Amino acid sequence: MSPRTQFNGPARQRGAIGLMAALTLGLALVCMVLVVDSGRLYMEQRRLQRVVDVAALEAVSRQGDCLTGTTAATYATASAARNGFTVGQGTTLNVTCGTVQTGANNLRAFSANAAQKQAISVVATRVVPTSVAAALYGLFTPGAVSTTTRLTATAVGTYAVLPPIAQLTIGTTVLTIDASKSAALNALIGQMLGGNLNLSVAGWQGLVNTNINVLSYLNQLALDVNVQAGNYTQLLSQNIRLTQLIDTAINVLTQGGKTASVAVDGLVGLRAVVGSTSVVLGQLLQLQTGAASSALNANLQVFQLVEAFVQLANSQNALVASVPLNIPGLVNGSVKVKVIEPPQLSAFGNPALAKADPMGANRIYVRTAQVRTVISLNLPLLSGVAGLANAIVSTPLVGGLTDTLNNLLHLNIAGTLNSLFCTLGGTCQRTDLKILPTSTIDIALDVAAADSHVTDYSCVSDATKTLTTQTNSSLVKLKVGRIDAANAFSSSADITVQPLALIDVGVITCTIPLLGLGSATCDPNSRIPFYGGGLGIKVDTSVAATQNTHIYNQPPEVRTPPQYYSFGTQGLVDSLKGTLAGVQVQAYKPTGSSLLGGLLTTTADVLAGVNSTLGVVIDNLLSPVLDPILDGLLTNLGITLNKVDVGANLSCKPPGQPMLAI
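Residues numbered from 1 in each chain as written. Predicted model: local features only at pLDDT ≥ 70, side-chain atom pairs only at ≥ 80, totals over all residues. Heavy atoms only, no water.

Of the regular secondary structure elements, the protein holds 15 helices and 30 strands. Within the protein, buried positions represent 46% of all 662 residues. The contacts of the protein with a sequence gap of at least 6 include a subset with a gap of at least 24, amounting to 77%. When the accessible surface of the protein is split by element, carbon and sulfur atoms take 56% of a total near 31,100 Å². (Helix = DSSP H or I, 4+ residues; strand = E, 2+ residues; numbered from the N terminus. Buried < 20%, exposed > 50% of the residue type's maximum accessible area, 1.4 Å probe, protein only. Contact = heavy atoms within 4.5 Å. Areas by Shrake-Rupley, 256 points an atom, 1.4 Å probe, with all protein chains shown as cover.)

Structure follows, in structure tokens:
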């Protein structure tokens with residue numbers, strides 16, 4: 001090899017290596033630019049996609065639609081703005097309502113329909129600068145190259161598919177609270193809880209006007225009592241203090257904003273008198289085992305919830321509410337009330353399961369409380385009521401009763417029935433007649449629980465959906481006479497009523513001086529009441545429970561006010577006045593004791609002419625007093641004597657958790 005060849009070889013190689021290095025560095029620079037640009041565009045696209053995803057989910061979860069004020073677009077736009085996406089120059093946001101269908105290829109497709117809100121589509125676009133790589137490409141390419149790129153992101157939100165949900169609610173709803181109702185509620189509910197309640201009219205009305213979401217309430221209660229979130233079965237079966245139940249309601253309503261502040265004030269006042277009573281919430285609210293939590297996503301009136309709390313507490317304590325009566329002509333009158341069995345305020349579940357076994361484990365069942373009421377009226381002017389005393393002594397009754405007593409006692413009662421039958425110088429008994437010996441009359445009303453449950457449903461379409469229920473009116477027992485209030489409120493024993501005496505034929509012991517010198521001496525303390533029998537009245541009757549099947553046509557969706565159906569009852573409880581008008585006056589056998597004995601059958605013809613007279617007098621005296629007392633009192637407990645109010649809701653396609661379908 002020549003020296004010249006040896007000198008030029010390495011130099012030529014160095015030039016080749018430099019060229020390759022320059023090309024490699026250029027290629028690396030291009031790759032770096034592509035990586036940076038593609039990463040930037042990817043992040044911009046992902047940021048835009050995140051905006052539409054969240055916007056679609058929020059529009060669905062807030063139940064937006066495209067008909068009523070285009071709320072879906074409002075919700076989606078507000079959500080996008082919170083995430084840094086503002087509609088303006090270079091950006092758009094289009095919101096469309098419709099449905100999602102799954103095709104034969106198992107792929108989902110969105111179908112626009114403004115009348116539907118099953119699914120909501122959100123499409124956003126944003127203009128971003130074109131990449132550096134494109135700009136470099138434009139340097140070597142003839143013609144114009146766009147300096148910007150329009151990105152597009154689409155999201156379709158919908159709900160998870162859930163089985164149908166039905167809700168039943170029972171009880172009357174007070175619409176307006178005035179001063180008189182407020183005072184009655186304070187007295188009645190305060191004594192049921194054993195405290196002195198003093199809520200204002202505004203406080204009570206606030207409870208009436210405010211609703212509380214059951215799902216939100218139970219979720220908050222689970223946190224407050226340390227129960228695992230979502231374990232509603234355990235929560236509903238747990239013994240919880242009434243103060244805690246009210247505190248949780250206050251917490252939930254406070255989160256709802258200022259509109260619930262009046263209701264919160266009412267709950268705060270109620271909390272001060274509830275004491276240490278503990279209750280099981282599952283006795284008021286029923287949820288099918290295994291039912292989705294969304295079944296509880298319904299609203300209840302706060303007043304009804306409080307009413308149920310109080311009745312449940314009263315059924316477990318020994319307190320009997322005693323409300324005084326201030327009515328002209330009545331002295332020391334009172335109404336005593338006790339809840340024997342608490343209500344089942346509301347029930348939620350799948351109507352398909354309830355239909356399969358209406359009264360089984362998966363039943364959707366509600367009932368009113370069983371309430372016992374004893375009214376004691378002290379009527380000092382009863383004997384002076386025009387026509388009452390005259391009606392007793394001026395009818396054929398006196399003569400008929402006199403004949404009967406003469407035959408039974410071998411007496412010779414005449415005239416005033418106060419004749420003396422004694423031998424000279426001896427001790428004997430003298431008949432002593434008393435008309436209306438007592439001025440107190442007792443009326444007991446025992447209203448058993450009325451109930452309703454789901455038996456059938458139809459969910460062919462929202463326009464034709466139905467819910468069928470069977471409602472049973474309560475057995476009502478009415479007793480009028482003399483009642484021992486101390487033994488009247490047993491949860492297991494029935495009330496015992498004794499006749500109210502109108503005439504008491506008693507005897508007193510008298511001593512006649514020897515040879516008739518001086519007047520007879522009678523000891524009034526020796527009087528034996530009803531020794532010679534008497535006349536009395538007693539009502540002990542009842543109206544049997546009845547059944548009624550009702551079909552609710554297009555019941556509203558869960559979370560909306562229910563569709564109420566009032567099942568009217570006929571008979572005794574339509575009017576207490578009508579019941580008292582048929583009161584029967586009876587004559588009783590001599591007993592020698594302080595109670596009226598068995599009935600006399602020999603005077604039936606005589607009494608037939610007396611009933612029309614005495615019945616009307618007693619009716620005119622008591623009915624105007626008792627009807628408003630019972631109606632007003634029991635209405636405050638969610639009970640009416642002549643009807644049963646059952647509210648129904650049905651969601652054939654209840655919204656579950658929001659989800660992204662596309």
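Below, the discussion takes up the pattern of salt bridges. Under the counting rule described, the total for this entry stands at nine salt bridges. In this structure, Glu-44 engages Arg-126 in a salt bridge whose closest nitrogen and oxygen atoms are separated by 3.8 Å. Of this pair, Glu-44 sits in helix 1 (residues 3-61) while Arg-126 sits in strand 3 (residues 119-129), and the two are 82 residues apart along the sequence. The class for Glu-44 is buried, based on a relative accessible area of 19%. (Salt bridge = Lys/Arg side-chain N within 4 Å of Asp/Glu carboxyl O.)

Here helix 2 (residues 71-82) spans 17 Å end to end across twelve residues, near enough to the 16 Å set by a 1.5 Å rise per residue. Residues Ala-72, Tyr-75, Ala-76, Ser-79 and Ala-80 constitute the buried set of helix 2. Projected down its long axis, helix 2 shows its buried positions confined to an angular sector of 130°, all on one face. Just beyond helix 2, the residue with positive phi is Gly-84, at close to 85°. (Expected span 1.5 Å × (residues − 1). Arc of directions from axis to C-beta.)

Now for the pairing of strand 12 (residues 334-341). Counting buried positions over the eight residues of strand 12 gives six, a clear majority of the element. One ladder, built from four bridges, connects strand 11 (residues 321-324) with strand 12; its direction is antiparallel. Within strand 12, the position partnered with Ala-321 by the bridge is Val-337. (Pairing = 2+ DSSP bridges.)

This brings us to the sheet that holds strand 14 (residues 365-367). Strand order in the open sheet formed by four strands is 14-18-19-26, with antiparallel pairing between adjacent strands. Only two strands of the sheet have a single neighbouring strand rather than two, namely strand 14 and strand 26 (547-553). Sheet twist, expressed as the mean angle between neighbouring strand axes with direction ignored, is 25°. Where strand 14 and strand 18 (residues 451-458) come together, three bridges link them in antiparallel fashion. Of the residues in strand 18, the one forming a bridge with Arg-367 is Asp-451. (Axes fitted to C-alpha atoms, helices over the stretch in contact; angles between N-to-C directions.)

Our next topic: the packing of aromatic side chains. Two aromatic rings, taken as a pair, are described by how far apart their centres are and by the angle between their planes. Per the counting criterion, the structure on display carries two aromatic pairs. Note on Trp-204 and Phe-303: the rings are 6.2 Å apart at their centroids and 75° apart in plane angle, and the pair reads as edge-to-face. Within this pair, whereas Trp-204 is found in helix 5 (residues 201-209), its partner Phe-303 is found in helix 10 (residues 302-316), the two being separated by 99 residues in sequence. Each member of the pair Trp-204 and Phe-303 is classed as buried. (Phe/Tyr/Trp six-rings, centres within 6.5 Å; stacked < 30°, edge-to-face > 60°.)

Mean pLDDT over the protein: 77, with 71% of residues reaching 70 or higher. When pLDDT is averaged over each element of the protein, strand 18 comes out on top at 94 and helix 13 (residues 396-409) at the bottom at 50. Taken together, the stretch residues 383-387 has pLDDT below 50 and engages in five contacts with residues farther than four places along the chain or on a different chain. Under a pLDDT of 50 for its full length, residues 570-574 has, in the predicted model, 13 contacts with residues more than four places off or in other chains. (pLDDT = per-residue confidence, 0-100.)

Glancing now at the side chain of Asn-317. Note on placement: Asn-317 falls in the loop between helix 10 and strand 11. Looking at Asn-317, its side chain comes within polar contact range of the side chain of Asn-314, at 3.4 Å. A polar contact of 3.1 Å, which involves the side chain of Asn-317, links it to the backbone nitrogen of Leu-319. Ignoring sequence-local partners within four residues, the contact set of Asn-317 consists of Met-192 and Lys-338. (Polar contact = N/O pair within 3.5 Å; in protein donor to acceptor, adjacent residues only side chain to side chain.)

Below, the discussion takes up the nonpolar core. By size, the foremost hydrophobic cluster in this structure holds 84 residues, and its most contacted members are Leu-193, Trp-204, Tyr-217, Leu-218, Leu-245, Leu-267 and Leu-281. In terms of residue count, helix 10 provides more of this core than any other element does, nine residues in total. For Tyr-217, the residues in contact, after removing those within four places along its chain, are Ile-212, Leu-245, Thr-248, Ala-249, Val-252, Leu-281 and Phe-309. If you look at the next biggest cluster of nonpolar residues, it comprises 22 residues, including Ala-80, Ala-124, Leu-151 and Tyr-159. (Core = buried A, V, L, I, M, F, W, Y, C linked by side-chain atoms within 4.5 Å.)

This brings us to the packing of helix 8 (residues 242-255) against helix 9 (residues 261-271). The contact between helix 8 and helix 9 brings their axes to 10 Å, and the two run at 165°. In this view, helix 8 runs roughly antiparallel relative to helix 9, as classed from their interaxial angle. Crossing geometry of helix 8 relative to helix 9 is assigned as left-handed. Listed contacts from helix 9 to Thr-243, Ile-246, Asp-247, Ala-249, Ile-250, Leu-253 and Thr-254 of helix 8 are Ala-263, Val-264, Leu-267, Val-268, Leu-270 and Arg-271. Here the contact of helix 8 with helix 9 is composed, by residue class, of nine nonpolar, two polar and two charged. (Parallel < 35°, antiparallel > 145°, perpendicular 65-115°, else oblique. Left-handed = near helix turned anticlockwise from the far one by under 90°. Nonpolar A, V, L, I, M, F, W, Y, C, P; charged D, E, K, R; others polar.)

Within the structure shown, the criterion is met by two disulfides. Between the sulfur atoms of Cys-459 and its disulfide partner Cys-652 the distance amounts to 2.0 Å. Looking along the S-S bond of the Cys-459-Cys-652 disulfide, the torsion reads about -85°, which is the left-handed sense. Placement of Cys-459 in the loop between strand 18 and strand 19 (466-472) and of Cys-652 in the loop between strand 29 (643-651) and strand 30 (658-660) is noted, with a sequence separation of 193 residues between them. Owing to a relative accessible area of 27%, Cys-459 belongs among the partly exposed residues under this scheme. Cys-652 sits in the buried class, given a relative accessible area of 9%. (Disulfide = S-S within 2.5 Å.)

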